[in-house]
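Topology and contacts: notes
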Amino acid sequence: DFVLWKPSDADTPGWDSPWGKGRPGWHIECSAMAHELLGESFDIHGGGNDLMFPHHENEIAQSKCAGHDFANIWMHNEMLQVEGKKMSKSLGNFFTVRDLLEQGVPGEVIRFVMLSTHYRKPMDWTEDKRKQASVTLEKWYVALYDLGFEGAAIRDLYVAAGTWRPDEALVEFLLTDLNTSGALTKLNELFSNIVCGSPRSAVSFVASLELIGLWSPGKNLRAYLQLDDSLDLSQYEDALQEARTKAMQTNDFARVDELKAILVSAGIEIRMNKEGVTLLALQNLDASKLKGLL
């Protein structure tokens, strides 16, 4: 048995009731709020797996006894960890999403890390995962910037044409117990098709990004990527293209690899395809590393 209504004394918050002055028990609060806001029946009740018993068990018991159908589906998430340890104030590793945003971590990066682990498995926030998410998103967004997916106009164009649809296989992952980690794996596969130059795949890819919250209409890719136009990169593009052409003839790619390594270390994004070489300078560009390159 569990307490539905606790007696209150003069020093304790309380309300008058048929059973005397008192206050709700822990479990009845949630049943009352659900009924007030969602009605006698609703689809999904979420919560941490540490609440399955006694809290959620007792919510079901009291709501059913009151004649309510209550929740149709229960989804319990695992706990959040930080660098392999449970998040807690006593360990000094407690922080919020707002804290991360104030530290300059983009919301898309936070969301990517969270989505990379299935909700029923422990999610470990680590600095390595943050960096990997940042690199992956930057790679995706640079490719989309090159393809012209900047602003809302292009999305509206594809919506009007009826071609703005997320990938069906990705949707199937989400329909299967909200398998977000599988959906991200599918996004990587879709991205590889973009690299191969399939416009249809690019549209499906961006629509899929929008579905899981990693893209929004009118997204300013230039601002997100913090692109820097202050340096003329055409000479470096020509040098890399010349080295690439020569390497294709000699099968010696040492010079190509050397140039690429220096450009990347300087903060330059490299895009290479059959049409040629495109370089994009990010805001963290360190031009000093390019001295003597040519």
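As a starting point, this report considers the structure included with it.

A separate point is helix α7 (residues 168–175). At the N-terminal boundary of α7, the capping side chain belongs to Asp167, with an oxygen 3.1 Å from the backbone nitrogen of Ala169. Two residues or fewer after α7 comes Asp177, characterised by a positive phi angle close to 55°.

All right, on to a nonpolar patch on the surface then. Taken together, Met33, Leu37 and Leu38 make up a surface patch of nonpolar side chains, about 340 Å² in accessible area. With respect to the helices and strands, Leu38 occurs in helix α1 (residues 26–38).

Another point: the layout of surface pockets. Gaps between atoms show up when a probe of the same size as a water molecule is rolled over them. The space that makes up the largest pocket amounts to roughly 690 Å³. Surrounding the largest pocket, 23 residues form its lining, Ser134, Val135, Glu138, Glu269 and Leu282 being those nearest its centre. Elements supplying a minimum of two residues to the lining of the largest pocket: α5 (127–146), α10 (221–225), α12 (254–265) and β8 (268–273).

Another point: the side chain of Glu269. By the secondary structure assignment, Glu269 is in strand β8. Arg271 is the oppositely charged side chain nearest to the buried, salt-bridge-free Glu269, at an N-O distance of 6.1 Å. Excluding residues within four positions of it along the chain, Glu269 makes contact with Glu138, Lys139, Val142, Thr278, Leu279 and Leu280.

The next thing to look at is the sheet that holds strand β5 (residues 80–82). Pairing in this open sheet of three strands is mixed, and the strands run β6-β5-β7 from one edge to the other. The sheet terminates laterally at β6 (85–86) and β7 (123–125), the two strands that pair on one side only. Of the strand pairs in this sheet, β5 and β7 are connected by three bridges, and their pairing is parallel. Bridge pairing links Val82 to Trp125 in β7.

It is worth spelling out the environment of Ala10 at this point. With respect to the helices, strands and loops of the structure, Ala10 is situated in the loop between β1 (5–7) and β2 (22–24). Judged by relative accessible area, which is 76%, Ala10 ranks as exposed. Along the backbone, Ala10 and Lys21 are 11 residues apart, and their C-alpha atoms lie at a distance of 9.6 Å.

Conventions used here
- Residues numbered from 1 in each chain as written.
- Predicted model: local features only at pLDDT ≥ 70, side-chain atom pairs only at ≥ 80, totals over all residues.
- Heavy atoms only, no water.
- Polar contact = N/O pair within 3.5 Å; in protein donor to acceptor, adjacent residues only side chain to side chain.
- Helix = DSSP H or I, 4+ residues; strand = E, 2+ residues; numbered from the N terminus.
- Patch = residues over 30% accessible without salt bridge, like charges linked within 9 Å, V, L, I, M, F, W, Y side chains within 5 Å.
- Areas by Shrake-Rupley, 256 points an atom, 1.4 Å probe, with all protein chains shown as cover.
- Salt bridge = Lys/Arg side-chain N within 4 Å of Asp/Glu carboxyl O.
- 1 Å grid on protein atoms, 1.4 Å probe; cavity = no way out; pocket = protein on both sides within 12 Å on 5 of 7 lines; lining within 4 Å.
- Points joined across faces, edges and corners; volume = space filled by probe spheres on them.
- Buried < 20%, exposed > 50% of the residue type's maximum accessible area, 1.4 Å probe, protein only.
- Lys, Arg positive; Asp, Glu negative; His and termini not counted.
- Contact = heavy atoms within 4.5 Å.
- Pairing = 2+ DSSP bridges.

The analysis is restricted to geometry; functional conclusions fall outside its scope.
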